[in-house]
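Here is how the chains run, residue by residue.
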Amino acid sequence: MTWDEMTPLLWEAAGQTAQMVGWSTLFTLLFGLPLGVALVVFDRGGLRPLPALRSVLGVLVNVGRSLPFIVLMIAIIPFTRLVVGTTIGTAAVVVPLTVGAVPFFARLVETALREVGSDVVQAAQAMGASRTTIVRKVLLPEAFPGLVAGLTVTVVALIGYSAMAGTIGGGGLGDLAVRYGYQRFETLLMIVTVVVLVVIVQVVQSLGDALARRLSHR
């Protein structure tokens with residue numbers, strides 16, 4: 001296979017990967033951030049202690065994190081079909097990607113929020129701030145560098161997940177590597193696909209680290 005033949009295939013697969021990772025990141029942020037906040041707020045000694053609910057949420061998060069992505073993707077096929085009407089293609093893969101990443105990101109959010117000094121929270125409480133105000137204007141802003149670092153790690157994990165999704169018809173760079181690089185013995189295309197994935201991960205990680213460092217110095 002020549003470079004002229006590989007280039008359009010790579011661009012199309014990279015676009016599919018970007019679409020999968022982009023939408024999954026958005027939904028992971030929308031669901032994972034509130035879940036991570038809830039794990040901290042509802043814990044013993046939190047702003048709104050609800051130990052029973054916190055335990056339930058903790059178990060759900062642990063179960064979600066313990067399942068290998070390929071197993072999770074197959075296990076929730078009925079749910080994926082219910083949500084998007086199909087189990088094959090880029091749109092279908094967004095569902096298991098999100099389900100797999102939300103518990104992971106929620107734990108990272110919890111870790112970042114727990115690093116906020118208790119004296120800062122106590123000072124806000126002493127000034128009469130409500131629980132919602134403390135979360136919005138104290139916890140989240142103070143933990144923002146850690147949240148950015150956590151989101152960066154999550155995006156990198158989603159890139160890896162999206163490559164695995166290609167093995168069962170999810171599209172993207174993983175699908176390209178399997179269909180052409182492995183099944184058709186196009187070794188050069190396989191190598192190029194791996195290099196592209198490595199470059200994407202390095203760029204995402206470098207940008208995320210730089211942004212987190214900049215925010216932490218403010």
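All values derive from a computational prediction rather than experimental measurement.

**A few points about the overall build of the protein chain**
In step 1: From N to C terminus, the protein chain includes 10 helices and 0 strands.
In step 2: For the protein chain, the N- to C-terminal ordering of α and β elements is α-α-α-α-α-α-α-α-α-α.
In step 3: When the backbone C-alpha atoms are referred to their principal axes, the protein chain occupies close to 70 × 40 × 25 Å.
In step 4: Going through the 218 residues of the protein chain one by one, you find that 41% of them count as buried.
In step 5: Here the contacts in the protein chain between residues at least 6 apart in sequence split such that 72% fall between residues at least 24 apart.
In step 6: Only carbon and sulfur atoms are counted for the fraction: they give 66% of the accessible area of the protein chain, which is about 11,800 Å².
In step 7: In the protein chain, which carries 15 positive and 11 negative side-chain charges, the distance between the mean positions of the two groups comes to 14 Å.

**Regarding the side chain of T25**
In step 1: Relative to the elements of secondary structure, T25 occurs in helix α1 (residues 3–41).
In step 2: Classification of T25 by relative accessible area gives buried; the value is 15%.

**Quick word on the UniProt feature "transmembrane region" (unreviewed entry) in the protein chain**
In step 1: Look at the UniProt record and you will see "transmembrane region" (unreviewed entry) annotated at residues 20–42, 54–77, 83–106, 146–168 and 188–212.
In step 2: Across residues 83–106 one finds 79% helix and 0% strand; the C-alpha atoms that close the span lie 22 Å apart.

**Quick look at the pattern of salt bridges**
In step 1: Considering all chains together, one arrives at 4 salt bridges under this definition.
In step 2: One salt bridge connects R107 with E110, and the closest N-O pair in it is separated by 2.6 Å. Of the two residues, R107 and E110 both sit in helix α5 (residues 90–114), 3 residues apart, roughly one turn of that helix.
In step 3: Linking R114 and E110 is a salt bridge whose minimum nitrogen-to-oxygen distance equals 3.0 Å. Of this pair, R114 and E110 both sit in helix α5, separated by 4 residues, roughly a single helical turn.
In step 4: Looking at E110, the relative accessible area reads 7%, which means it is buried.
In step 5: Through salt bridges with shared partners, a single ionic network connects D43, R54, R107, E110 and R114.

**Some words on the packing of α1 against α5**
In step 1: At a minimum axis distance of 6 Å, the contact between α1 and α5 shows a crossing angle of 40°. Taken together, the axis directions place α1 and α5 in an arrangement best described as oblique. Read as a crossing pair, α1 and α5 show a hand that is right-handed.
In step 2: Grouping the constituent residues of the contact of α1 with α5 by class yields 19 nonpolar, 8 polar and 3 charged.

**A short note on helix α7 (residues 131–142)**
In step 1: The terminal C-alpha atoms of α7 lie 15 Å apart, and with 12 residues this matches the ideal 16 Å at 1.5 Å per residue to within 8%.
In step 2: Turning to α7, its buried residues number three or more, namely I134, V135, V138, L139 and L140.
In step 3: In this structure, the buried residues of α7 make contact with α1, α5, α6 (118–126) and α8 (144–165).

**A closer look at the packing of aromatic side chains**
In step 1: Scanning the entire structure with this criterion turns up 2 aromatic pairs.
In step 2: Ring centres 6.0 Å apart and planes at 25° place the aromatic pair W23 and F27 in the stacked group. Taken together, the residues span about one helical turn, with W23 and F27 both in helix α1 at a distance of 4 residues.
In step 3: On the basis of relative accessible area, W23 is assigned to the partly exposed category, the value being 44%.
In step 4: With a centroid separation of 4.7 Å and an interplanar angle of 5°, the aromatic rings of F69 and Y161 are classed as stacked. Taken together, the residues F69 in helix α3 (residues 69–75) and Y161 in helix α8 connect sequence positions 92 residues apart.
In step 5: A residue is classified by how much of its surface remains accessible, and F69, at 6% relative accessible area, is buried.
In step 6: Relative accessible area serves as the criterion here: at 21%, Y161 is assigned to the partly exposed category.

Quick notes on the rules
Residues numbered from 1 in each chain as written. Predicted model: local features only at pLDDT ≥ 70, side-chain atom pairs only at ≥ 80, totals over all residues. Heavy atoms only, no water. Helix = DSSP H or I, 4+ residues; strand = E, 2+ residues; numbered from the N terminus. Buried < 20%, exposed > 50% of the residue type's maximum accessible area, 1.4 Å probe, protein only. Contact = heavy atoms within 4.5 Å. Areas by Shrake-Rupley, 256 points an atom, 1.4 Å probe, with all protein chains shown as cover. Lys, Arg positive; Asp, Glu negative; His and termini not counted. Charge placed at Lys NZ, Arg CZ, Asp CG, Glu CD. UniProt positions renumbered as here; feature names shortened; annotations may be inferred. Salt bridge = Lys/Arg side-chain N within 4 Å of Asp/Glu carboxyl O. Axes fitted to C-alpha atoms, helices over the stretch in contact; angles between N-to-C directions. Parallel < 35°, antiparallel > 145°, perpendicular 65-115°, else oblique. Left-handed = near helix turned anticlockwise from the far one by under 90°. Nonpolar A, V, L, I, M, F, W, Y, C, P; charged D, E, K, R; others polar. Expected span 1.5 Å × (residues − 1). Phe/Tyr/Trp six-rings, centres within 6.5 Å; stacked < 30°, edge-to-face > 60°.

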